[in-house]
Amino acid sequence: MLPPALDMVRQLVATPSVSSPDLRFDQSNRGVIDLIADWAGSLGFSVRVEALPGDSTKANLIATLGEGEGGLVLSGHTDTVPYDAERWTDDPFLLSERDGKLFGLGTADMKGFFAAALHAVSRVDLSGLRSPITILGTADEESTMNGARALVERGEQLGEYAIIGEPTGLQPIRKHKGVFYVQVTVGGSAGHASNPGLGVNAIDGLQLVLGALQSWRDTIGERHRDEDFEVPTPTLNFGRIRGGDSPNRICAECTLDVDIRLLPGMERKAVVDELRDVVANALDGGAWAHDVRAVGGHADAFAGPTDAAFSEAVETLCGCSAKSALFGTEAPYLAELGLQTLVLGAGDIAVAHQPDEYVTIAAIRRATDLYANLIQRFCIESS
């Protein structure tokens, strides 16, 4: 017997599962996995908890109900981003309700999804189940994508169709941009600030690099464009600059961290190779050293499912057309496993990763109804 959906969200939010490339903030997701495993087990699911290779503190959950070919996977990540507690109205780990909204870290992105998905299963008459239902909970989507990577490396056979419950306002997402990070390092040499000739200032070199990257950003936008997206071109965001240690010392090294969003069809390696040429040309003739490398996890761009009938069926059940998104998801990894995949969940991406993140109670209820209809369509009516 499942607890009420709001109680499930409350317990999930109260169980910290931050993932971050910065180990100061990174946490285990095992507490969240254990909750979902217990609830799934109470519904009769066969549950596997698979630790990530090399890190027993992180795990994926694969819960399966039924047998046979095909089937539907309801997939979500179990981690959240870090948070700024002082910017929240209330404790981010204590679910609070105001004006029909549930506030708490991960309510929209995306712990509320698991309550909706499991309650959807509980509503369906499973006596006619023809194809399996799978609940998938992954680790580290917000940081390294290592949970999804592990599934691909093992070649998990999960089903035929997949819905990822990221917050989309319950409008299906059929394709999205890819995201990865690049770090540009410019090296100089230290010296006394009283005489610029005593060193090579890395900040001066980075200024040249920034100008070149801004020009390249315009150029690549002219070469690649997709009007399906709200921002139809690839984007570069200069997110962080670090360098120097004292005003009276010439800066010996400066680092720029860049967020890059690619359109479907663009390859990360080709973009990084081109960036290396851009940086090298910007610094040509100077005394600076330089390095350009992709760092951290990534999400490839997602071109959408190839099964038009699947997309049309989901659109019909939702009562709306599929759209494109600027954010990345685990969809490319599930597609690599052979799953016809769409992204569809309660909540608004605009409140994700923000203080006072929330999802409405009405959206959780509507998501539950919608997932129940999807189970009926793809696991009971389909053979």
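Only a predicted model underlies this, so the values are computations on that prediction, with no experimental measurement involved. (Residues numbered from 1 in each chain as written. Predicted model: local features only at pLDDT ≥ 70, side-chain atom pairs only at ≥ 80, totals over all residues. Heavy atoms only, no water.)

Visitor: Which parts of the structure should I look at to understand the overall build of the protein chain?
Guide: For the protein chain, the count of helices and strands is 9 helices and 15 strands. Since a compact globule built from 383 residues should have a radius of gyration of about 21 Å, the 23 Å found for the protein chain is in line with a globular shape. Projected onto its principal axes, the C-alpha coordinates of the protein chain cover approximately 80 × 45 × 40 Å. For the protein chain, with 383 residues in total, the buried portion stands at 51%. For the protein chain, contacts bridging at least 24 residues in sequence account for 80% of all contacts bridging at least 6. For the protein chain, the exposed surface amounts to about 16,600 Å²; the carbon and sulfur share of it is 46%. (Helix = DSSP H or I, 4+ residues; strand = E, 2+ residues; numbered from the N terminus. Rg over C-alpha atoms; globule rule 2.2 N^0.38 Å. Buried < 20%, exposed > 50% of the residue type's maximum accessible area, 1.4 Å probe, protein only. Contact = heavy atoms within 4.5 Å. Areas by Shrake-Rupley, 256 points an atom, 1.4 Å probe, with all protein chains shown as cover.)

Visitor: Sorry if this is basic, but what is going on with the sheet that holds strand 9 (residues 178-187) here?
Guide: Taking strand neighbours across the sheet as the criterion, the 4 strands line up as 10-11-9-12 in an open arrangement whose pairing is antiparallel. Whereas interior strands pair on both sides, the edge strands pair on one side only; in this sheet they are strand 10 (235-243) and strand 12 (289-299). The sheet shows a mean angle of 20 degrees between the axes of neighbouring strands, taken without regard to direction. Judged from the 8 bridges that link them, strand 9 and strand 12 form a sheet pairing that is antiparallel. (Pairing = 2+ DSSP bridges. Axes fitted to C-alpha atoms, helices over the stretch in contact; angles between N-to-C directions.)

Visitor: How do you make sense of the pattern of salt bridges when you look at a structure like this?
Guide: Side chains that carry opposite charge are capable of pairing whenever their charged atoms lie near each other. By the definition in use, this model includes 23 salt bridges. With a closest N to O distance of 3.0 Å, Arg223 and Glu274 form a salt bridge. Of the two residues, Arg223 sits in helix 5 (residues 202-223) while Glu274 sits in helix 6 (residues 268-282), which places them 51 residues apart along the sequence. Residue class for Arg223 comes out partly exposed when judged on its relative accessible area of 44%. In this structure, Arg276 engages Asp273 in a salt bridge whose closest nitrogen and oxygen atoms are separated by 3.2 Å. Taken together, the residues Arg276 and Asp273, both in helix 6 and 3 residues apart, mark about one turn of the helix. (Salt bridge = Lys/Arg side-chain N within 4 Å of Asp/Glu carboxyl O.)

Visitor: Where do I start with the sheet that holds strand 5 (residues 101-103) in this structure?
Guide: Working definition: the strands of a sheet are paired by backbone hydrogen bonds and lie parallel or antiparallel to each other. A sheet is described by the order of its strands in space; here 3 strands give the open sequence 4-5-15, paired in antiparallel fashion. Two strands bound the open sheet, and with one partner strand each, they are strand 4 (96-98) and strand 15 (358-360). Ignoring strand direction, the axes of neighbouring strands in this sheet form an average angle of 30 degrees. Two strands pair when backbone bridges link them, and strand 5 and strand 15 are joined in this way by 3 bridges, in the antiparallel orientation. Looking at the pairing, Lys101 lines up with Thr360 of strand 15. Helix 3 (residues 107-123) contacts strand 5 and strand 15 of the sheet and is inclined by roughly 50 degrees relative to strand 15.

Visitor: Please explain empty space enclosed by the protein as it appears in this structure.
Guide: Where empty space is left can be seen by rolling a probe of water-molecule size over the atoms. Here the structure, examined in full by the defined rule, presents 1 cavity of 30 Å³ or more. Here the largest cavity is characterised by a volume of approximately 50 Å³. In this structure, the largest cavity is lined by Thr107, Ala108, Gly112, Phe113, Ala116, Gly165, Gly345, Ala346, Val359, Ile364, Ala367 and Tyr371. Residue assignment for the lining of the largest cavity shows that the elements contributing at least two residues are helix 3 and helix 9 (361-380). With 5 residues, the top contributor of residues to the lining of the largest cavity is helix 3. (1 Å grid on protein atoms, 1.4 Å probe; cavity = no way out; pocket = protein on both sides within 12 Å on 5 of 7 lines; lining within 4 Å. Points joined across faces, edges and corners; volume = space filled by probe spheres on them.)

Visitor: Looking at this structure, I do not really get the pairing of strand 11 (residues 253-262). What am I missing?
Guide: Each regular strand carries side chains that alternate between the two faces of the sheet. Counted residue by residue, strand 11 has 8 buried out of 10 residues, so it is predominantly covered. Across 10 bridges, the pairing between strand 9 and strand 11 is antiparallel. Bridge pairing links Val182 to Val258 in strand 11. Note: strand 10 against strand 11, 8 bridges, orientation antiparallel.

Visitor: Please explain the packing of aromatic side chains as it appears in this structure.
Guide: What the rule picks out here adds up to 7 aromatic pairs. Here Phe310 and Phe378 contribute two aromatic rings whose centre-to-centre distance is 5.4 Å and whose plane-to-plane angle is 65 degrees, an arrangement assigned as edge-to-face. With Phe310 in helix 7 (residues 308-318) and Phe378 in helix 9, this pair connects stretches of sequence that are 68 residues apart. Phe378 carries the same exposure label as Phe310, and that label is buried. Three or more aromatic residues joined by ring pairs make a cluster, and in this case those are Phe113, Phe114 and Tyr371. The cationic tip of Arg98 hangs over the ring face of Phe103; the distance from NZ or CZ to the ring centre is 4.0 Å. (Phe/Tyr/Trp six-rings, centres within 6.5 Å; stacked < 30°, edge-to-face > 60°. Lys NZ or Arg CZ within 6 Å of the ring centre and 35° of its normal.)

Visitor: Where do I start with helix 4 (residues 146-154) in this structure?
Guide: Taken residue by residue, helix 4 has Gly147, Ala148, Ala150, Leu151 and Val152 as its buried positions. Contacts from the buried residues of helix 4 go to strand 1 (46-52), strand 2 (55-65), strand 6 (133-138) and helix 8 (331-336).

Visitor: Looking at this model, I keep getting lost on the packing of helix 2 (residues 30-42) against helix 3. Mind explaining?
Guide: Helix-helix packing is characterised by the crossing angle of the two axes and by the distance between the axes. Running from N to C, helix 2 and helix 3 point in directions that differ by 10 degrees, and their axes come no closer than 11 Å. Taken as axis vectors, helix 2 and helix 3 run roughly parallel relative to one another. In contact with Val32, Ile36, Trp39 and Ala40 of helix 2, helix 3 contributes Lys111, Phe114 and Leu118. Taken together, the residues that form the contact of helix 2 with helix 3 break down as 6 nonpolar, no polar and 1 charged. (Parallel < 35°, antiparallel > 145°, perpendicular 65-115°, else oblique. Nonpolar A, V, L, I, M, F, W, Y, C, P; charged D, E, K, R; others polar.)

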